[in-house]
Amino acid sequence: MKKIEAIIRPEKFQALRKALSAAGIGGLTVTEAAGTGKQKGQKGIFRGTTFQLQLLPKIKVETIVEEQRLDEILDIIIKNCSTGNIGDGKIFVSPIEETIRIRTGERGKEAVL
Amino acid sequence: MKKIEAIIRPEKFQALRKALSAAGIGGLTVTEAAGTGKQKGQKGIFRGTTFQLQLLPKIKVETIVEEQRLDEILDIIIKNCSTGNIGDGKIFVSPIEETIRIRTGERGKEAVL
Amino acid sequence: MKKIEAIIRPEKFQALRKALSAAGIGGLTVTEAAGTGKQKGQKGIFRGTTFQLQLLPKIKVETIVEEQRLDEILDIIIKNCSTGNIGDGKIFVSPIEETIRIRTGERGKEAVL
Ligand SMILES: Nc1ncnc2c1ncn2[C@@H]1O[C@H](COP(=O)(O)OP(=O)(O)OP(=O)(O)O)[C@@H](O)[C@H]1O
Ligand SMILES: Nc1ncnc2c1ncn2[C@@H]1O[C@H](COP(=O)(O)OP(=O)(O)OP(=O)(O)O)[C@@H](O)[C@H]1O
Ligand SMILES: Nc1ncnc2c1ncn2[C@@H]1O[C@H](COP(=O)(O)OP(=O)(O)OP(=O)(O)O)[C@@H](O)[C@H]1O
Ligand SMILES: [Mg+2]
Ligand SMILES: [Mg+2]
Ligand SMILES: [Mg+2]
């Protein structure tokens with residue numbers, strides 16, 4: 001299995017979610033993040049009480065998929081999240097060694113979807 | 001070392017934390033997340049100002065452990081986080097190549113706990 | 001590529017960011033987290049509505065870098081985030097198999113910075 005981690009524009013999330021769902025990818029974990037790429041945060045706001053910094057608000061979307069579906073899912077993300085302007089985001093792919101559905105104890109392939 | 005990432009029901013966190021602590025696992029990082037599995041979010045609320053979506057609130061618990069303790073810790077999570085109802089969550093395991101305690105610069109085994 | 005994940009004191013973030021930027025590392029993703037190490041959270045507060053627990057507020061900083069820069073970046077983090085007191089944080093290193101810049105579709109080395 002692979003973890004696909006996409007740091008995207010918040011306003012692109014709904015379109016991405018629909019496209020992934022249409023492709024049969026229902027399993028998603030979403031986190032609020034903030035970041036900088038080459039483009040440094042300008043008027044960025046991050047909702048922390050403990051620190052204030054010039055970062056741009058982003059959404060981190062994580063989906064664990066079977067390796068055979070990796071390229072297809074990467075294409076869906078690129079297609080749905082790019083505007084052509086700086087700040088469209090990044091995708092990182094990393095290995096996942098085990099997946100478990102807590103309710104049933106199922107592992108691997110059976111547990112991913 | 002392995003990273004265990006568990007996406008669980010928020011209301012199960014306290015029990016899980018106690019069980020892990022009793023097993024000598026004190027090192028935990030917790031993040032607020034939102035997600036969907038096969039079960040699609042219904043009246044989900046996520047505390048974002050930047051986007052509103054139908055996702056269910058979840059807690060992501062990450063703990064880096066030595067490989068020899070992996071199965072034991074997975075069992076503790078499954079036991080403490082399952083209700084038998086859909087939405088109990090998922091566990092993902094991934095490789096960690098280095099661990100460093102910032103205060104001392106210790107690495108590896110010495111830095112995990 | 002490697003992912004460096006540092007769980008640090010929130011008050012150290014600005015110094016770390018400046019030091020990384022001076023070293024040419026602009027790509028950072030920041031998340032609010034909460035955690036415990038050996039030191040258990042005392043009067044910790046975490047901004048969740050869904051659970052209340054005794055955890056200490058931390059910042060998770062993630063940066064994906066080329067492997068050849070790994071040791072240098074680890075040193076910058078240790079140097080900028082340690083106070084010598086318990087609770088300075090941890091660093092975890094893990095493998096990243098692919099990096100994509102969504103705007104251009106660039107991959108690998110070209111997409112990291
Ligand atoms: N090397 C990196 N490590 C970790 N996170 C990164 C890295 N690079 C970018 N990010 C995350 O991705 C988000 C979006 O990055 P961004 O799209 O601005 O990348 P970029 O390289 O500057 O590309 P562009 O030129 O299209 O803006 C950042 O806000 C940050 O959260
Ligand atoms: N493939 C996946 N990739 C990333 N996150 C996932 C994936 N599958 C599930 N999750 C996360 O786990 C959370 C809980 O998932 P859930 O327990 O509903 O899984 P499920 O497969 O639908 O199992 P169940 O049938 O028991 O509900 C989701 O809200 C999401 O955050
Ligand atoms: N094994 C671990 N797995 C996941 N997260 C961890 C682990 N250990 C520590 N953390 C995270 O790192 C944060 C800081 O940990 P901390 O610096 O207190 O580590 P420590 O081992 O107790 O070292 P010290 O003795 O210097 O306090 C924790 O709040 C938690 O978020
Ligand atoms: Mg940019
Ligand atoms: Mg479900
Ligand atoms: Mg500690």
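Scope of this entry: the structure provided in the associated data block. Nothing here was measured: the structure is a model prediction, and the numbers come from that model.

Okay, the site of ligand 2 next. As a matter of local geometry, ligand 2 sits amid 23 residues, with Thr29 and Arg103 of chain A together with Lys38, Gly87 and Gly89 of chain B nearest to it. What surrounds ligand 2 is not a single chain but chains A and B. Gly35 of chain B places a polar main-chain atom, nitrogen or oxygen, 3.4 Å from an oxygen atom of ligand 2. Contacts to ligand 2 include Thr36 of chain B, whose backbone N or O atom sits 3.3 Å from an oxygen atom. Contact with the protein chains covers 98% of the free accessible surface of ligand 2, which is 610 Å². When residues of the shell around ligand 2 are traced back to their parent elements, those giving at least two are strand 2 (28–36) and strand 3 (56–65) of chain A together with strand 2 (28–36) and strand 4 (89–95) of chain B. A class-by-class count of the residues in the shell around ligand 2 yields seven nonpolar, nine polar and seven charged.

Let's shift gears to the interface of chain A and chain C. Counting from both sides, the interface comprises 41 residues of chain A and, opposite them, 31 residues of chain C. Together chain A and chain C conceal approximately 2,900 Å² of surface at their shared face, both sides included; 56% is due to carbon and sulfur atoms. Counting the contacts that link chain A with chain C gives three salt bridges. Where chain A meets chain C, there are 13 residue pairs in polar contact (both at pLDDT 80 or more). For the side of chain A that touches chain C, the secondary-structure elements that each account for two or more residues are strand 1 (2–8), strand 2, helix 2 (70–81) and strand 4 (89–95) of chain A. When residues in the side of chain A that touches chain C are grouped by element, the largest group, seven residues, is from strand 4 of chain A.

Take the relation of the copies chain A and chain C next. For these two chains of identical sequence, chain A goes onto chain C by a turn of 120° and a shift of 0.0 Å along the axis, with RMSD 0.0 Å. Put plainly, the chains are arranged around a three-fold axis.

A word on helix 1 (residues 13–22) of chain A. All names here are of chain A. Considered for burial, the residues of helix 1 that qualify are Phe13, Leu16, Arg17, Ala19 and Leu20. Looking straight down helix 1, one finds that the buried residues subtend no more than 165° of arc, so they occupy a single side. Of the exposed residues in helix 1, the ones pointing more than 90 degrees away from its buried face are Lys18 and Ala22. With its phi angle positive at about 85°, Gly24 sits one or two positions after the end of helix 1.

So, on to the pattern of salt bridges. Applying the stated rule across the entire model yields 31 salt bridges over all chains. As a salt-bridge pair, Glu5 of chain B and Lys3 of chain A come within 2.9 Å of each other at their nearest N and O atoms. In this pair, Glu5 of chain B sits in strand 1 (residues 2–8) while Lys3 of chain A sits in strand 1, so the two residues belong to two different chains. Just as Glu5 of chain B is buried, Lys3 of chain A falls in that class too. Here Glu98 of chain A makes a salt bridge to Arg107 of chain A, at a shortest N to O gap of 3.9 Å. Its relative accessible area of 35% is what places Arg107 of chain A among the partly exposed residues. What emerges from the salt-bridge pattern is a single network uniting Lys3 and Glu62 of chain A together with Glu5 and Lys60 of chain B.

Conventions used here
Once a new chain begins, its residue numbering starts again from 1 and follows that chain's sequence as written. A letter from A marks each chain and a number from 1 marks each ligand, given out in the order of writing. At least 70 in pLDDT is required for a residue's local features to be given in this predicted model, at least 80 for side-chain atom pairs to be given and counted, and no such filter applies to totals for whole chains, interfaces and linings, which use all residues. In computing side-chain values, all of the structure's heavy atoms are included and hydrogens and water are not. For this description, a residue counts as near a given molecule or strand if any of its non-hydrogen atoms is within 4 Å of it. Polar contact is defined as a pair of N or O atoms within 3.5 Å, subject to the rule that within protein one atom must be able to donate a hydrogen and the other to accept it, and that residues adjacent in sequence are counted only when both atoms are side-chain atoms. Accessible surface is estimated by sampling points in the Shrake-Rupley manner with a 1.4 Å probe; for residues, cover comes only from the protein chains shown. Only runs of H or I of at least four residues qualify as helices and only runs of E of at least two qualify as strands under DSSP, and these elements are numbered from the N terminus. Note that Gly is not counted as nonpolar here; it falls among the polar residues with everything else outside the nonpolar set of Ala, Val, Leu, Ile, Met, Phe, Trp, Tyr, Cys and Pro and the charged set of Asp, Glu, Lys and Arg. In what follows, a contact means two residues having at least one pair of non-hydrogen atoms within 4.5 Å. As used here, buried area is the combined drop in accessible area, with a 1.4 Å probe, of two parts when they are placed together. Throughout this description, the term salt bridge denotes a Lys or Arg side-chain nitrogen within 4 Å of a carboxyl oxygen of Asp or Glu. Residues below a pLDDT of 70 in either copy are left out; the C-alpha atoms of the rest, at least 70 in both, set the least-squares superposition of the copies. For each residue, the accessible area found with a 1.4 Å probe, counting protein chains only, is set against the maximum for its type, and the residue is called buried under 20%, exposed over 50%, and partly exposed in between. Arc definition: directions from the helix axis to the C-beta atoms.

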